[in-house]
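Chain by chain, the residues:
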Amino acid sequence: MANIYDYSVPKTDGSEQSLKDFEGKVMLIVNTATGCGFTPHYEPMEKMYEEYHDKGFEIIDVPCNQFRDQAPGTDEEIHEFCTLNYNTQFPQMKKSDVNGENELPLYTYLKSQKGFEGFGKGAAALAMAAMSKAANKDYKNSPDIKWNFTKFLVDREGNVVARFEPTHKMEDVEEAVKKLL
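S.K.: Break down the side chain of Ser96 for me, with residues and values.
M.R.: As for its placement among the helices and strands, Ser96 is situated in the loop between α2 (75-86) and α3 (105-113). In this structure Ser96 comes out as buried when scored by relative accessible area, which is 8%. Within polar-contact distance, the side chain of Ser96 engages the backbone oxygen of Lys94 at 2.9 Å.

If you want it as structure tokens, here you go:
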């Protein structure tokens, strides 16, 4: 049976980043976009990275252009945007698909471990639910990634322990990370 360390993610230079390199660390794996309403999540993500990286925390940033073309740039343009606007220092991977026939095998695995559990409460959650329902009436029963900045939290043993939709508060994500460190 596969585990998280059996997977890799393509890097911008064409090589593969094995997740085995992060064995024993807490990982936050997130599909990102530079032109999204949730793009400001980069700021608290970078803050968490700076605060917890030395304690064994990694962020795996997988840019994705599958959600209304909100990451249209090249890998270089995306990296430049993130470093200039958010001073990101965590590893940024090659732009990749997280759903569909060309999705990264890592995402197939992540979705098999933690399916969709809802958007939570509030205006953004209601808006995301309405948009998701318009795209797929049965969206609640599909494990597919619904939007940019969906986050998977992996513990030090390689277990996928949580999935956070983009509508979840970053404070909740940080609290979950801190509990695992």
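Let us keep going from here.
S.K.: So, the sheet that holds strand β3 (residues 26-32): which residues are in play, and what are the values?
M.R.: Judged by pairing direction, the sheet is mixed, and its four strands sit side by side in the order β4-β3-β5-β6 without closing on themselves. Sheet topology places β4 (57-63) and β6 (160-164) at the edges, where each strand pairs with a single neighbour. Within the sheet, the average angular offset between the axes of one strand and its neighbour, ignoring direction, is 15°. Relative to β4, β3 runs parallel, the two sharing seven bridges. Each bridged residue has a counterpart across the sheet, and for Ile29 the counterpart in β4 is Ile60. Contacts from α3 reach β3, β4, β5 (151-154) and β6 within the one sheet, and its direction differs from that of β3 by about 110°.

S.K.: So what about the environment of Ala33? Which residues, and what values?
M.R.: For Ala33, the position within the fold is in the loop between β3 and α1 (42-52). Classification of Ala33 by relative accessible area gives buried; the value is 1%. Contact partners of Ala33, with chain neighbours within four places excluded, come to Thr39, Tyr42, Cys64, Gln70, Ala71, Asn148 and Phe149.

S.K.: So what's going on with the pairing of β4? Which residues, and what values?
M.R.: Of all seven residues in β4, seven are buried, a share of seventy percent or more. Because side chains alternate across β4, one face comprises the buried residues Phe57, Ile59, Asp61 and Pro63, and the other comprises Glu58, Ile60 and Val62, equally buried. Considered for its hand, the β-α-β crossover made up of β3, α1 and β4 is right-handed.

S.K.: Report on the pattern of salt bridges, specifying residues and quantitative values.
M.R.: Tallying each qualifying case throughout the model produces seven salt bridges. Put simply, Glu23 and Lys20 hold a salt bridge, and the shortest N to O gap is 2.7 Å. Since its relative accessible area comes to 44%, Glu23 is described here as partly exposed. Asp144 is paired through a salt bridge with Lys111; the nearest N and O atoms lie 3.2 Å apart. Residue Asp144 is located in the loop between α4 (123-135) and β5, and its partner Lys111 is located in helix α3; the two are separated by 33 residues in the primary sequence. Taken together, the salt bridges that share partners define one network made up of Glu103, Lys111 and Asp144.

S.K.: Describe the packing of aromatic side chains, listing the residues and the values that go with them.
M.R.: Enumeration over the complete set of coordinates arrives at twelve aromatic pairs. A ring pair is formed by Tyr52 and Phe57, whose centres lie 6.4 Å apart and whose planes are at 85°; its orientation type is edge-to-face. Clustering of aromatic rings is evident, with ring pairs tying together Tyr42, Tyr49, Phe81, Tyr86, Phe90 and Phe149. Lying over the aromatic face of Phe116, Lys146 brings its terminal NZ or CZ to 4.6 Å of the ring centre.

What counts and how
Here, residues in each chain are numbered from 1, in the same order as that chain's written sequence. Predicted model: local features are reported for residues with pLDDT of at least 70 only, side-chain atom pairs are reported and counted for 80 or more only, and whole-chain, interface and lining totals are derived from all residues. The side-chain numbers reported here are obtained from all heavy atoms of the structure, hydrogens and water having been left aside. Each helix is a run of H or I in the DSSP string that is no shorter than four residues. Each strand is a run of E no shorter than two, and both are numbered from the N terminus. Exposure categories follow from relative accessible area, calculated using a 1.4 Å probe and restricted to protein chains: below 20% of the type maximum is buried, above 50% is exposed, and the middle band is partly exposed. In protein, a polar contact means a hydrogen-donor-capable atom and an acceptor-capable atom, both N or O and within 3.5 Å, with residues adjacent in sequence counting only if both atoms are side-chain atoms; elsewhere, any N or O pair within 3.5 Å suffices. Two strands make a pair as long as DSSP finds a minimum of two bridges between them. In this analysis, axes come from line fits to C-alpha atoms, helices being fitted only over the stretch in contact, and the angle between any two N-to-C directions falls in the range 0 to 180 degrees. Only heavy atoms matter for contacts: two residues are in contact if any of them lie within 4.5 Å across the pair. A crossover gets the label right-handed when its path from the first strand over the helix to the second runs clockwise, viewed with the strands pointing away from the viewer. What counts as a salt bridge is simple: a side-chain nitrogen of Lys or Arg found within 4 Å of a carboxyl oxygen of Asp or Glu. We call Phe, Tyr and Trp rings a pair once their centres come within 6.5 Å, taking the six-membered ring for Trp, and we label the pair stacked below 30 degrees between planes, edge-to-face above 60, and tilted otherwise. For a ring to carry a charge above it, either NZ of a lysine or CZ of an arginine must fall within 6 Å of the ring centroid while also lying within 35 degrees of the normal to the ring plane.

In short, the description is geometric, and any link to function would need to be established separately.
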